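In case you want the letters, here they are:
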Amino acid sequence: MVYRSGFSRYALMGVVSGMVYGILMGLFNQSLIEGILMGILFAILFPLCMFAVSLFTGRKYAKKRAAIQAERAVFCDGEATHNGNGGWLFLTAAGLEFYPHSFNLNRSEYTLALTDIRGAIVKSNHMVVFICYGANVEFTVAKPKAWAGQVNDAIARLQSDISKDR
């Protein structure tokens, strides 16, 4: 299952950002008409650019998904932000795997073994992952409730498999 932000989310961000940008440009240039026009232009261009970037990265990570699926099961994946770095998050049979996109200065991949995860909850638009050794890791994702549910289901499957082996 691929979780992504839809165009409506980008459009909402564009309208809100466009209003702020329009007000600031109107004040800066001392022209109400110019501010309104700049705000409308920004509100149109911002969601289009964000949606284009989303499609571009989605296609790029589709290849990555295929490569990972050749090695292990992928339960879900989607756009994510971790420590301010945008990229793609995969929940696999091995755990959580974050691959940053090339727009970041920090391109370090981050992996977290499923055996090290105690659970996941939702906090605003973040998924907070609790780790066995006391730390928490946050990911900003689309549909965080679905992500947290998938992580908790994967942990339950792992624990069930471990108890069957004993």
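Structure first, text after, so check above.
Residues numbered from 1 in each chain as written. Predicted model: local features only at pLDDT ≥ 70, side-chain atom pairs only at ≥ 80, totals over all residues. Heavy atoms only, no water.

Draft legend 1. How the structure looks around the overall build of the protein chain. Across its full length, the protein chain holds three helices and eight strands. Along the chain direction, N to C, the helices and strands of the protein chain fall in the order β-α-α-β-β-β-β-β-β-β-α. Considering only C-alpha atoms, the protein chain reaches an extent of 75 × 30 × 25 Å along its principal axes. Of all 166 residues assigned to the protein chain, the portion counted as buried reaches 37%. At a minimum sequence separation of 6, the contacts of the protein chain that also span at least 24 residues come to 46%. With an accessible surface of roughly 9700 Å², the protein chain has 63% of that area assigned to carbon and sulfur atoms. The centroid of the 16 positive side-chain charges in the protein chain is displaced by 3 Å from the centroid of its 11 negative side-chain charges. (Helix = DSSP H or I, 4+ residues; strand = E, 2+ residues; numbered from the N terminus. Buried < 20%, exposed > 50% of the residue type's maximum accessible area, 1.4 Å probe, protein only. Contact = heavy atoms within 4.5 Å. Areas by Shrake-Rupley, 256 points an atom, 1.4 Å probe, with all protein chains shown as cover. Lys, Arg positive; Asp, Glu negative; His and termini not counted. Charge placed at Lys NZ, Arg CZ, Asp CG, Glu CD.)

Draft legend 2. How the structure looks around unusual backbone geometry. Here asparagine 83, not a glycine, exhibits a phi torsion of approximately 55°, which is positive. Residue position: asparagine 83 is located in the loop between strand 2 (74-82) and strand 3 (85-92). A relative accessible area of 66% places asparagine 83 in the exposed class. Even without glycine at this site, serine 124 takes up a positive phi of about 60°. Here serine 124 lies in the loop between strand 6 (117-123) and strand 7 (126-131).

Draft legend 3. Representation of the nonpolar core in the model. One finds Leu89, Leu96, Met127 and Phe139 to be the most contacted residues of the largest nonpolar core, which totals 21 residues. Listing elements by their share of this core, those giving two or more residues are strand 2, strand 3, strand 4 (95-100), strand 6, strand 7, strand 8 (136-141) and helix 3 (144-165). When residues in this core are grouped by element, the largest group, five residues, is from helix 3. Among all residues touching methionine 127, those that are not within four sequence positions of it are Leu89, Ala120, Ile121, Val137, Glu138, Phe139, Val141, Pro144, Trp147, Ala148 and Val151. Counting residues in each nonpolar core, the second largest holds six residues, with Ile68, Val74, Trp88 and Tyr99 among its members. (Core = buried A, V, L, I, M, F, W, Y, C linked by side-chain atoms within 4.5 Å.)

Draft legend 4. View of helix 2 (residues 32-69). Between the first and last C-alpha of helix 2 there are 54 Å, a value that for 38 residues agrees with the 56 Å anticipated at 1.5 Å per step. Taken together, the buried positions of helix 2 are Gly35, Gly39, Ala43, Pro47, Ser54, Thr57, Gly58, Tyr61, Arg65 and Ile68. (Expected span 1.5 Å × (residues − 1).)

Draft legend 5. Region of the structure containing the pattern of salt bridges. Taken as a whole and assessed by the stated rule, the structure comprises four salt bridges. A salt bridge links arginine 72 to glutamate 97, with the nearest nitrogen and oxygen atoms 2.8 Å apart. A residue pair is termed long-range when its members are at least 10 positions apart, and arginine 72 in the loop between helix 2 and strand 2 and glutamate 97 in strand 4 qualify at 25 residues. Residue lysine 123 pairs with glutamate 138 through a salt bridge whose shortest N-O separation is 3.6 Å. (Salt bridge = Lys/Arg side-chain N within 4 Å of Asp/Glu carboxyl O.)

Draft legend 6. Molecular detail of the pairing of strand 2. Taken across its nine residues, strand 2 has seven buried, putting it largely inside the fold. Alignment of strand 2 against strand 3, held across eight bridges, turns out to be antiparallel. Its bridge partner lying in strand 3, histidine 82 is registered against asparagine 85. Here strand 2 folds back onto strand 3 in antiparallel fashion, the turn holding two residues, of which asparagine 83 has a positive phi close to 55°. Both strand 2 and strand 8 contribute to a ladder of two bridges, which runs antiparallel. Considered in strand 8, the bridge of threonine 81 is made with threonine 140. (Pairing = 2+ DSSP bridges.)

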